[in-house]
Amino acid sequence: MTAAEWFVKGLQDRGVEWIATLCGHGLDPLYEAAQKSGVRLVDTRNEQAAAYAAEAFGSLTRRPGVVAVSSIGHVNAIMGVANAYYSRAPMLLISGAGNQSTSGMGHFQDYDQVALARSLTKYGRVVDRPERTIQILDEAWRAATDLPPGPVHLSFPLDVQDTEVGSEQMVQPLRVESSSSIPSDDLEQAASCLASAERPLIVAGSGVHYAGESSAVADFSEEFSVPLGVLALDRDSIRRPLGTFVGLIGGLTGGPRLLPDADCVILAGADVDYRLGFLAPDTIAGDARILRIAQGWQTLAKIYEERNGKSHTDWLGEARRRWTEFRQSIEEKGAEQAKQGLHAVQIAAALREALTDEAVLLIDAGSTGQWAHHILCDNYPRHRLNCGPSGVVGWGLGGAMGARMAFPDQPVILLTGDGAFTFTVAEIECAVRQRLRFVVVVADDQSWGITMAGHIKRFGEAISSTLGPIDFVKLAESLGARGVLAKTQKEVRGAVEEAAALDTVTVVHVPIVGGNP
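Summarised in this report is the structure supplied together with it. One numbering rule holds for all chains: residues counted from 1, following each sequence as written. Residue-level local features of this predicted model are given only where pLDDT is at least 70; pairs of side-chain atoms are given and counted only at 80 or more, and the full residue set underlies all totals for whole chains, interfaces and linings. Water and hydrogen atoms were dropped before computing side-chain values, which therefore reflect all heavy atoms in the structure.

1. Observations concerning the overall build of the protein
What counts as a helix is a DSSP run of H or I of at least four residues, what counts as a strand is a run of E of at least two, and both are numbered from the N terminus. Helix and strand counts for the protein come out as 20 helices and 17 strands. Whereas a compact globule of 517 residues would reach a radius of gyration of roughly 24 Å, the protein reaches 24 Å, a difference of no more than 12%. Viewed in the frame of its principal axes, the protein has a C-alpha envelope of about 70 × 60 × 45 Å. Summary of the burial criterion: residues with accessible area below 20% of their type's maximum are buried, those above 50% are exposed, and those between are partly exposed, where the area comes from a 1.4 Å probe applied to protein chains only. Relative to its 517 residues, the protein shows a buried fraction of 58%. For the protein, contacts bridging at least 24 residues in sequence account for 79% of all contacts bridging at least 6. Reported accessibility uses the Shrake-Rupley method at a 1.4 Å probe radius. Residues are deemed covered only where the shown protein chains occlude them. For the protein, the accessible surface area stands at approximately 20800 Å², while carbon and sulfur atoms represent 49% of it. Here the positive residues are Lys and Arg and the negative ones are Asp and Glu; neither His nor the chain ends is included. Positions of charges follow a simple convention, taking NZ of Lys, CZ of Arg, CG of Asp or CD of Glu. Charged side chains in the protein number 46 positive and 62 negative. The centres of these two groups are separated by 3 Å. As a reference, a globule follows 2.2 Å times the number of residues to the power 0.38, and the radius of gyration itself is taken over C-alpha atoms. Only heavy atoms matter for contacts: two residues are in contact if any of them lie within 4.5 Å across the pair.

Below is the structure:
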């Protein structure tokens, strides 16, 4: 077998059934091996979309998505790697390359791929020895899946891919046992913090999703009446309605006043960054205790209960009141803006009505996305995905393709803006051709809405942030998809419900008025 064939077999042994890709230099041996073995190649028109598909699959399933790109296509694919880096999504990027024997001599598209990806990956190297192919793949795979997970990269030179390697020559992976033990001291401290607190707050982030602790965190919050919020732009870690839920924490457009008044903050798999104001003195009480717990929530519940852990009912009631008032203020602001025409809040309301528990919802939009996050934050389809802490727009179509591969039989719905949608709009053709059905709702305000609103507020005018009109119905039809125009909330809901049951891609064009929360 060639090294490329061994590599593909190694992917299959790890449960990989498909690879997102765009053909080009350095990929032919890998393609041939994938075709022979039955690994599906899902092709795209832009390497960014292929990488986004792999990233979305990894984020939704907690299993690495795999993307393979050409040697120069590696540069485009880095955008998806960056998104995975910020979102902690497990992902493997494979980059084809010229011969290892002429590396550094100026062969076609000769550059240091590993160095380019290094700052955004947990692991990266060249597969430079054919007999070490499986061992190197195993190292990368472990790095991608070990907590916290993230993207990894392998550069695979052509001459290495084509080299024949006997099974007796192949270096086997090291036998390494991974440990998932949680320091007991951390749990004891958390129990102590909660026992002495009057106003505790749990902030749940992506870490509990990847650790498989989402249900345990929700159970703990309910059992002891501890207010629980989710970190804005993280992987949604709460999958069911909770009487303790208090909305988004660290939203770019604000939230209820909770963090500054909390005296014990448990970061449940949540990072400290710009969304939490870096926990600077002006964002959190100076005497508040802060702990980070991603795993061990069932054990924490037992420890806390043994200490006669009290419930925090009064504080929970106050926190829920603040969140309700904040949401009402957002809805009132949207209603005021909606007097000028159909508005993003009405699209969010239509989606709330149309979504089923099994639906996969992706949100790829700036201004429209912020409205949707606030309006839909207590609506729990089991699978929801946003761009993540990177704040990037334009990942949605690739993400929808990855979501369809992750969930072949469930409705997949993408909410996007007119700007974000057109980043990779040609992927609609790829999705239709490969029968990767989904619904796209395009909120069209003919602008980069979140930026334009900021410009008008600051400068009195928009600066390079307006867009021209596009007939998205005709554009969709030209790419082989269905196109539907929706001008009312009722029409949006009806179009989504109808399209979700069809075996094709549907683009729902929704002209709206702009405005930020």
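Once the structure has been displayed, the description carries forward.
2. Here's the deal with the nonpolar core
Buried Ala, Val, Leu, Ile, Met, Phe, Trp, Tyr and Cys residues form a nonpolar core when they are joined through side-chain atoms within 4.5 Å. Counting 55 residues, the largest nonpolar core has Val67, Leu362, Phe421, Ile428, Phe438 and Val440 as the members making the most contacts within it. Ranked by the residues each element gives to this core, the list is headed by helix α3 (residues 47–61), at eight residues. Once residues lying within four places of it in the same chain are set aside, the contact partners of Val440 are Leu397, Leu414, Thr416, Phe421, Ile428, Thr506, Val507 and Val508. Counting residues in each nonpolar core, the second largest holds 50 residues, with Leu259, Ala268, Leu276 and Cys377 among its members.

3. A few points about the packing of helix α10 (residues 214–224) against helix α11 (residues 297–306)
Helix axes are fitted to C-alpha atoms over the stretch in contact, other axes to C-alpha atoms as well, and angles between N-to-C directions run from 0 to 180 degrees. At a minimum axis separation of 8 Å, α10 and α11 run at an interaxial angle of 20°. With respect to α11, the axis of α10 lies roughly parallel. Contacts between α10 and α11 involve Ala216, Val217, Phe220, Glu223 and Phe224 from the former and Trp297, Gln298, Leu300, Ala301, Tyr304 and Glu305 from the latter. Residue classes follow a fixed rule: Ala, Val, Leu, Ile, Met, Phe, Trp, Tyr, Cys and Pro count as nonpolar, while Asp, Glu, Lys and Arg count as charged, and any other residue, Gly among them, counts as polar. In terms of residue class, the contact of α10 with α11 is made up of eight nonpolar, one polar and two charged. What sets the label is the angle itself: under 35 degrees gives roughly parallel, over 145 gives roughly antiparallel, 65 to 115 gives roughly perpendicular, and the rest give oblique.

4. Things to note about the sheet that holds strand β11 (residues 289–292)
What the five strands build is an open sheet, ordered β9-β8-β7-β10-β11; its pairing is parallel. Looking at the sheet topology across the chains shown, the edges are occupied by β9 (245–249) and β11. Each neighbouring strand pair of the sheet contributes to a mean axis angle of 25°, computed without reference to strand direction. Each pair of strands is called paired provided DSSP finds at least two bridges between the two strands. One ladder, built from three bridges, connects strand β7 (residues 200–204) with strand β8 (residues 228–231); its direction is parallel. Counterpart to Val203 in the pairing with β8 is Gly229. Set on the sheet, helix α12 (residues 313–337) makes contact with β7 and β9; between it and β9 the angle comes to about 55°.

5. Examining the pattern of salt bridges
Here, a salt bridge means any side-chain nitrogen of Lys or Arg that lies within 4 Å of a carboxyl oxygen of Asp or Glu. Within the structure shown, the criterion is met by 28 salt bridges. The closest approach of N and O atoms between Asp43 and Arg433, which form a salt bridge, is 2.9 Å. In this pair, Asp43 is assigned in strand β2 (residues 40–43) and Arg433 in helix α17 (residues 427–433), connecting sequence segments 390 residues apart. For Arg433, a relative accessible area of 44% gives the class partly exposed. Put simply, Arg240 and Glu222 hold a salt bridge, and the shortest N to O gap is 2.9 Å. Note that Arg240 is positioned in the loop between β8 and β9 and Glu222 in helix α10, a separation of 18 residues in sequence.

6. Looking at the environment of Ala426
Summarising the element assignment, Ala426 is placed in the loop between α16 (418–421) and α17. In the structure, Ala426 is positioned 21 residues away from Ser447 in sequence and 20 Å away in space, judged by C-alpha atoms. With near-sequence residues (within four places) excluded, Ala426 lies in contact with Arg45 and Leu479.

7. With respect to unusual backbone geometry
In this chain, Leu147 is followed by Pro148 through a cis amide linkage whose omega measures -10°. Counting through the fold element by element, Pro148 comes out in the loop between α6 (133–145) and β6 (151–157). A positive phi angle, close to 60°, is found at Arg88, a residue other than glycine. Among the structural elements, Arg88 can be located in the loop between α4 (73–87) and β4 (91–97). Here Arg88 falls in the partly exposed class, since its relative accessible area comes to 22%. Even without a glycine there, the phi angle at Phe278 is positive, about 60°. By the element assignment, Phe278 lies in the loop between β10 (264–268) and β11.

8. As for the state of the cysteines
We call a pair of cysteine sulfur atoms a disulfide whenever their separation is within 2.5 Å. For the coordinates displayed, the defined rule picks out one disulfide. Between Cys193 and Cys264 runs a disulfide, and the two sulfur atoms are separated by 2.0 Å. Note on the Cys193 and Cys264 pair: the S-S dihedral is about 140°, so by sign convention the disulfide is right-handed. Here Cys264 lies in strand β10 and Cys193 lies in helix α8 (residues 184–196), a separation of 71 residues in the sequence. By relative accessible area, Cys264 is classed as buried at 1%. Looking at Cys387, it has no disulfide partner, and the nearest cysteine sulfur is the one in Cys377, 16 Å off. With no disulfide partner, Cys430 has as its closest neighbouring cysteine sulfur the one in Cys23, 10 Å distant.

Just geometry here; none of it tells us what the structure is for.
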